[in-house]
Amino acid sequence: MGKGGQNYGSSENLGDLRGDYHAAWSLDVRECEEKYQVSKEYGLSNDEVEKRRQIYGFNELEKHEGPSIFRLVLDQFNDTLVRILLFAAVISFVLAWYDGEEGGEKGITAFVEPLVIFLILIVNAIVGVWQENNAEKALEALKEIQSESAAVIREGRKISSLPAKELVPGDIVEMRVGDKVPADMRVLSLISSTLRLEQGSLTGESEAVSKTTKSVPEDVDIQGKKCMVFAGTTVVNGNCICLVTQIGMNTEIGKVHSQIHEASQGDDDTPLKKKLNEFGEVLTAIIGVICALVWLINVKYFLSWEFVDGWPRNFKFSFEKCTYYFEIAVALAVAAIPEGLPAVITTCLALGTRKMAAKNALVRKLPSVETLGCTTVICSDKTGTLTTNQMAVAKLVAMGNTANAVRSFNVQGTSYDPFDGKIENWPEGQLDVNLQMIAKVAAICNDADVEEAGHDKSGHYVANGMPTEAALKVLVEKMGLSNELGFDTSSGYDGVLRCSYTWNKIEQRIATLEFDRDRKSMGVIVSSSSGKKSLLVKGAVETLLERSSFVQLLDGSITELDQSHKEVILKSLHEMSTSALRVLGFAYRDDLPEFSTYDGDEDHPAHQLLLNPSNYSSIESRLVFVGLAGLRDPPRKEVPQAIEDCRTAGIQVMVITGDNKDTAEAICREIGVFGRHENIRSRSLTGKEFMELSSRDKETHLKQGEGLLFSRAEPRHKQEIVRLLKDSGEVVAMTGDGVNDAPALKLADIGIAMGIAGTEVAKEAADMVLADDNFSTIVAAVGEGRYMISSNMGEVASIFLTAALGIPEGLIPVQLLWVNLVTDGPPATALGFNPPDKDIMKKPPRRSDDSLISAWILFRYLVIGSYVGIATVGIFIIWYTRSSFLGIDLSGDGHSLVTYSQLANWGQCNTWQNFTVSPFTAGALEFHFDNPCDYFQKGKIKAMTLSLSVLVAIEMFNSLNALSEDGSLVSMPPWVNPWLLLAMSVSFGLHFLILYVPFFATIFGIVPLSLNEWLLVLAVALPVILIDEVLKFVGRCTSGIRTSKARRSSKHKAE
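What counts, and at which threshold
Here the residue numbering is sequential within each chain, running from 1 through the sequence in written order. A pLDDT threshold of at least 70 governs which residues receive local features in this predicted model, and a stricter bar of 80 or more applies before side-chain atom pairs are shown or counted, although totals over entire chains, interfaces and linings include all residues. In computing side-chain properties, one takes all heavy atoms of the structure into account and sets aside hydrogens as well as water. Per the convention used, a helix needs a DSSP run of H or I reaching at least four residues, while a strand needs a run of E reaching at least two, with both numbered from the N terminus. Between the first and last residue of a helix there are one fewer steps than residues, each counted as 1.5 Å, and that sum is the expected span. Buried, partly exposed and exposed residues are distinguished by accessible area as a fraction of the type maximum, computed with a 1.4 Å probe on protein chains only: under 20%, between the cut-offs, and over 50%, respectively. Note that the arc is computed from the directions linking the helix axis to the C-beta atoms. Any two residues having at least one pair of non-hydrogen atoms within 4.5 Å are treated as being in contact. Pairs of cysteine sulfur atoms within 2.5 Å are identified as disulfides in what follows. Two strands are said to pair when DSSP picks up at least two bridges between them. Put simply, two rings from Phe, Tyr or Trp (the six-membered ring, in Trp's case) pair if the centres are within 6.5 Å, and we call them stacked under 30 degrees between planes, edge-to-face over 60, tilted for the rest. Charge-over-ring contacts are defined here by two conditions on Lys NZ or Arg CZ: a distance within 6 Å of the ring centre and an angle within 35 degrees of the ring normal. Here the nonpolar core consists of buried residues drawn from Ala, Val, Leu, Ile, Met, Phe, Trp, Tyr and Cys, with membership extended through side-chain atoms lying within 4.5 Å. Asp and Glu count as negative and Lys and Arg as positive, but His and the ends of the chain are not part of the count. Any Lys or Arg side-chain nitrogen located within 4 Å of an Asp or Glu carboxyl oxygen qualifies as a salt bridge. Two N or O atoms count as a polar contact when they lie within 3.5 Å, although within protein this holds only if one can serve as hydrogen donor and the other as acceptor, and sequence-adjacent residues are included solely when both atoms are side-chain atoms. Like charges within 9 Å and nonpolar side chains (Val, Leu, Ile, Met, Phe, Trp, Tyr) within 5 Å are joined into patches, using only residues over 30% in relative accessible area that form no salt bridge. Accessible surface is estimated by sampling points in the Shrake-Rupley manner with a 1.4 Å probe; for residues, cover comes only from the protein chains shown. To locate a charge, take NZ of a lysine, CZ of an arginine, CG of an aspartate or CD of a glutamate. With axes taken as lines fitted to C-alpha atoms, and helix axes fitted only over the stretch in contact, angles between N-to-C directions fall between 0 and 180 degrees. Should an angle fall under 35 degrees it is taken as roughly parallel, and over 145 as roughly antiparallel, whereas 65 to 115 is taken as roughly perpendicular and any remaining angle as oblique. Two helices crossing with the near one rotated counterclockwise from the far one by less than a right angle form a left-handed crossing, whereas a clockwise rotation gives a right-handed crossing. Basically, the charged four are Asp, Glu, Lys and Arg, the nonpolar ten are Ala, Val, Leu, Ile, Met, Phe, Trp, Tyr, Cys and Pro, and anything else, Gly included, counts as polar.

Between its first and last C-alpha atoms helix 18 (residues 563-578) spans 22 Å; for 16 residues at 1.5 Å apiece the expected length is 22 Å, and the two agree. Those residues of helix 18 that fall on the buried side of the exposure criterion are H565, I569, S572, L573 and M576. Buried residues in helix 18, looked at end-on, bunch into an arc of 100 degrees, giving them a common side. Opposite its buried face, helix 18 presents the exposed residues Q563, K571, H574 and T578, each directed more than 90 degrees away. Elements in contact with the buried residues of helix 18: strand 14 (392-399), strand 15 (406-410), helix 17 (541-547), strand 22 (558-560), strand 23 (582-589) and strand 24 (623-632). Looking one or two places after helix 18, you find A580, whose phi comes out positive at around 60 degrees.

Okay, here's the thing in structure tokens:
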């Protein structure tokens, strides 16, 4: 190495730099240079850089290979319902093909069913692959946070723009205001008097953090590493020289990258997916049993034998009839599986998504809508979610008529909007001299700006510069100007800070005494239009009082500041500090002999004083104290009600924040997570304190059932909390906006990111993004997520009864598919527009291990399903056996009547003596039968049409029953959801289309119906509403008993 570097050893001793072994924050500057074998003046030599690159590689985040497209496609078929459907489709296709080879008459009709099923599965797979392909975007967004270049010193020369990926441990980097930090680095020296970084996205702190060169203890948390700067954070004030200590995956942001990847590997199925899989497995068993029963019931038709000497002999097997009954079993499978279920669920979730979007919740992953309905714990970040993440002045204290009196004003408003709230009991336009001086200092001793961001409905105002200074500018606007000053409308200024602009016009700023952490204040020297020079100062109240000799009273008179006056001011300070307010004091000085002729000229003798920051304390002495203001990041107005709603709904709220304990506790008391005067010692821990608990104590702490607070939390603490909650059976919604939140967002059952303040990393890791960053939006979304899913019991009952009674097949697979996919589709979709039950947020959340359909709801479905089966089979039998029913004449088409016995034994028709049938009409069609036995096959077309029409009509009326889970149609009439009425009209319209358009009627094997036949359909279908009303009434009367039983059983399960 060259100058300054030749005394150090080679990189052979650096092998242990990969981890935190050196803990650079705990070493002083000289020790750091020795450990990393570099000097800050010379930097590394090019040879040394190459050697270190061989050991550590490049400063970049790893790219993890995701699953291949082929793997993703296969995964879509790893689902019980989908596999049964696939099997049914293959069998249908083979049978259709065989039927065609044998010269069957079905033709295209037979192929419609398997092709439709294949089409459903393909669409389902495409949607699934597209969704999952987006899952790893979070890692890509993380890379965008990384810096692209850095100013580096190597071989004694400064390289002003070296690609950041070429940095190695030991490199010397210069950082300036606005730079993004390229790696984790130890601060070696400050070029400016102060250095502050915005690292909230990584650590969760709500304010920029001051950095120092002094070492800190080795075991401090990330927020305590005051001499370290971290990759991806930004310098907001000052410049410095740093030493690179960690690069790539070893940086704090690299660790977050690894945690996101690990969390995404362990992605669990959502509660909905688990329940659908369980539902599918149960359905498979039921279908298997029913198919076997159908097979056994009908075995006599395709397999017969004679008994000779007590043993079966002379077996006769009909392959044609065997395949026919096999088709019935396949039709049963098709009927039992709700093919439309994936489509309907996707549509319902998509509608839930749209409704949530209207409530400012943008859903990225559809199943997360239903997951919200099961949420039992919401883990919320504080900064920006529960609070506005916009500093605001909450209290202003000015001096009174005497030095022992002060005046307090409460300031309304929770944002940077100057029109958001006002100052209570304010002398509008009548500002006394003391208040004018406070306004002047707050407006001029200030580098921030506030502007309106776009003119959308949110009227969003953003701060440029330090949040505390922006809040002071907003305070100045709320204070207004005294009537004699007024705003000059001819000035051409069109911004929102009119009062601040006016003060800055009256007094011109000619010098700045920058803030530093020793004197804890900032000052500006101003020149009035008359040429008089003044010093305006703001800063920590205690240090300003130490350097103040006087105090200004209400009327502008100056009096000496003695100990009793200080105690009055310090009492106000203490009151504000205990309310978690950050307090700033204001002071000024008029007699500045050294600066009386100074105008900013660099050759002026006074300019030399300003070049040395050590002079600032003496310049800022003999001050006149004028007042103080308390600031905070205020809670959002709607959050307390949202927390109360959660408590009512049985949802536990936990606040997990990187901010300090006192501030977080004060906010939690204010929003209702804790009571105002409640003892919260057992419910408020720092992340570090929680991690030090034993495993059993951690679980006990989380099971308290009340609101909890975790402050100073790091990413790994958040992940551990979410993991423990999930392990104990809770469904966890996690909110966050920073890079530090991303791993926990990925791990939670539903991750919710902030849309305005959120980093891209957090948004990509999340399932849902809140467009307005608002906690109450989550609670509204939970209300939307609680809904039920319906089943296909009626069709199963219909086919089973047909087989059990031995009558001809009443519904063929293609008709069942039409009902499931097309006619059922619009009403099921429209039910997504249902207003929620009025008491939805008073019910506890569904447990994630609750079955998809509760025992009572299953009983209701069985009763309704049985009626559907009886109605569809009944109308089939009525047409064959009755000339009229309930006074409705059915003889108009001229069809022949048979007995029920003949219908049930139609397979023996060839053996009947003198059996004849007459032709009958259907619309313009006429049906003749050369072989009378064809009346039970080709002739059943009218009876099948009646069965299908009853099925469609009952499904439509049953959708009215689904308006509310247990509310009567009297309390929830059909017009509460006009979309459902429209959907029913569409479904009936589609049914009329296939009935009355000859091409479709041929494909579906149906014929047009007469008016009387339609009256019969309605007479048979309408009772379904009455039956469900009775069931709902019983349900309402017994709901209390069922809920307590369910709670006891779930408690028993948990134990």
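Moving on, we come to the state of the cysteines. Using the criterion set out here, one finds one disulfide in the structure. Here C909 is linked by a disulfide to C933, with a sulfur-sulfur distance of 1.9 Å. Around the S-S axis, the bridge from C909 to C933 shows a dihedral of about -95 degrees and counts as left-handed. Of this pair, C909 sits in the loop between helix 33 (900-904) and strand 33 (920-922) while C933 sits in the loop between strand 34 (925-927) and helix 34 (941-961), and the two are 24 residues apart along the sequence. For the unlinked cysteine C227, the closest cysteine sulfur is that of C32, found at 7.3 Å. Under the relative-accessibility criterion, C227 is labelled buried at 0%.

To continue, consider the sheet that holds strand 9 (residues 240-246). If you trace the six strands from one edge of the open sheet to the other, you get 2-1-3-9-4-7, paired in antiparallel fashion. On the outer flanks of this sheet lie strand 2 (157-163) and strand 7 (228-229), each paired with one strand and no other. As judged from the six bridges shared by strand 4 (residues 184-190) and strand 9, these two strands associate in the antiparallel manner. By the bridge assignment, M185 is partnered in strand 9 with V244.

The subject of this paragraph is the environment of L609. Position of L609 among the secondary structure elements: in helix 19 (residues 605-611). Among the residues examined, L609 registers a relative accessible area of 28% and is labelled partly exposed. Along the backbone, L609 and I619 are 10 residues apart, and their C-alpha atoms lie at a distance of 8.9 Å. Excluding its chain neighbours within four sequence positions, the residues that come into contact with L609 are E594, F595, N615 and Y616.

A separate point is the packing of aromatic side chains. Taken as a whole, this structure holds 21 aromatic pairs when the rule is applied. With 6.3 Å between their ring centres and 50 degrees between their planes, F992 and Y996 make a pair best called tilted. Of the two residues, F992 and Y996 both sit in helix 35 (residues 978-996), four residues apart, roughly one turn of that helix. A residue is classified by how much of its surface remains accessible, and Y996, at 40% relative accessible area, is partly exposed. Members of the aromatic cluster, joined through ring pairs, are F876, W879, Y880, W912, F915, F920, F927, F929, Y935 and F936. Above the face of the W25 ring, K225 is positioned so that its terminal group lies 3.7 Å from the ring centre.

This part covers the nonpolar core. In a soluble, globular protein the nonpolar side chains are often hidden away together inside. Formed by 71 residues in total, the largest nonpolar core has its most connected members in Y880, Y935, F936, I954 and V1017. For this core, the element with the highest residue contribution is helix 34, accounting for 13 residues. Once you skip the residues sitting within four places of it in the chain, V1017 turns out to touch I875, L946, S949, V950, A953 and L1009. Residues I423, A448, L475 and V626 belong to the second largest nonpolar core, which totals 45 residues.

In this section: the environment of S45. Mapped onto the elements, S45 comes out in the loop between helix 1 (29-35) and helix 2 (46-56). Given a relative accessible area of 9%, S45 falls into the buried group. Spatially, the C-alpha atoms of S45 and E155 are 5.0 Å apart, while their sequence positions differ by 110 residues.

Next up on the list: the sheet that holds strand 5 (residues 196-198). If you walk across this open sheet you meet the three strands as 6-5-8, and the pairing is antiparallel. Only two strands of the sheet have a single neighbouring strand rather than two, namely strand 6 (209-210) and strand 8 (234-237). Two elements, strand 5 and strand 8, share three bridges in a ladder whose sense is antiparallel. In the strand pairing of strand 8, E198 is matched with T234.

By the secondary structure assignment, K478 is in helix 15 (residues 467-479). D420 provides the closest opposite charge to the buried, unpaired K478, separated from it by 5.5 Å. Reaching out from K478, the side chain makes a polar contact with the backbone oxygen of D420 at a distance of 3.0 Å. What K478 contacts, discounting residues up to four positions off in sequence, is V411, Q412, G413, D417, P418, D420, G421, I423 and W426.

Okay, a negative patch on the surface next. Together, D599, D601, E602 and D603 give the surface a local cluster of negative charge. In this fold, E602 is placed in the loop between strand 23 and helix 19. For E602, a relative accessible area of 58% translates into the label exposed.

Close contact between helix 34 and helix 37 (residues 1011-1021) brings their axes to 9 Å; oriented N to C, the two are set at 45 degrees. Classed by the angle they form, the pair helix 34 and helix 37 counts as oblique. Helix 34 and helix 37 meet at a crossing whose hand is right-handed. Mapping the contact onto sequence places K942, L946, S949, V950, A953, I954 and F957 in helix 34 and E1013, W1014, V1017, L1018, V1020 and A1021 in helix 37. Here the contact of helix 34 with helix 37 is composed, by residue class, of 10 nonpolar, one polar and two charged.

A word on the pairing of strand 3 (residues 172-175). For a regular strand, the rule is simple: side chains alternate between the two faces of the sheet. Burial along strand 3 is two-sided: I172 and E174 facing one way and V173 and M175 facing the other are all buried. Direction of pairing for strand 1 (residues 149-154) relative to strand 3: antiparallel, over a ladder of three bridges. Bridging from a neighbouring strand, A151 pairs with E174 of strand 3. Where strand 3 lies against strand 9, four bridges are found, and the strand directions are antiparallel. Among the inter-strand pairings, I172 is bridged to a residue of strand 9, identified as L243.

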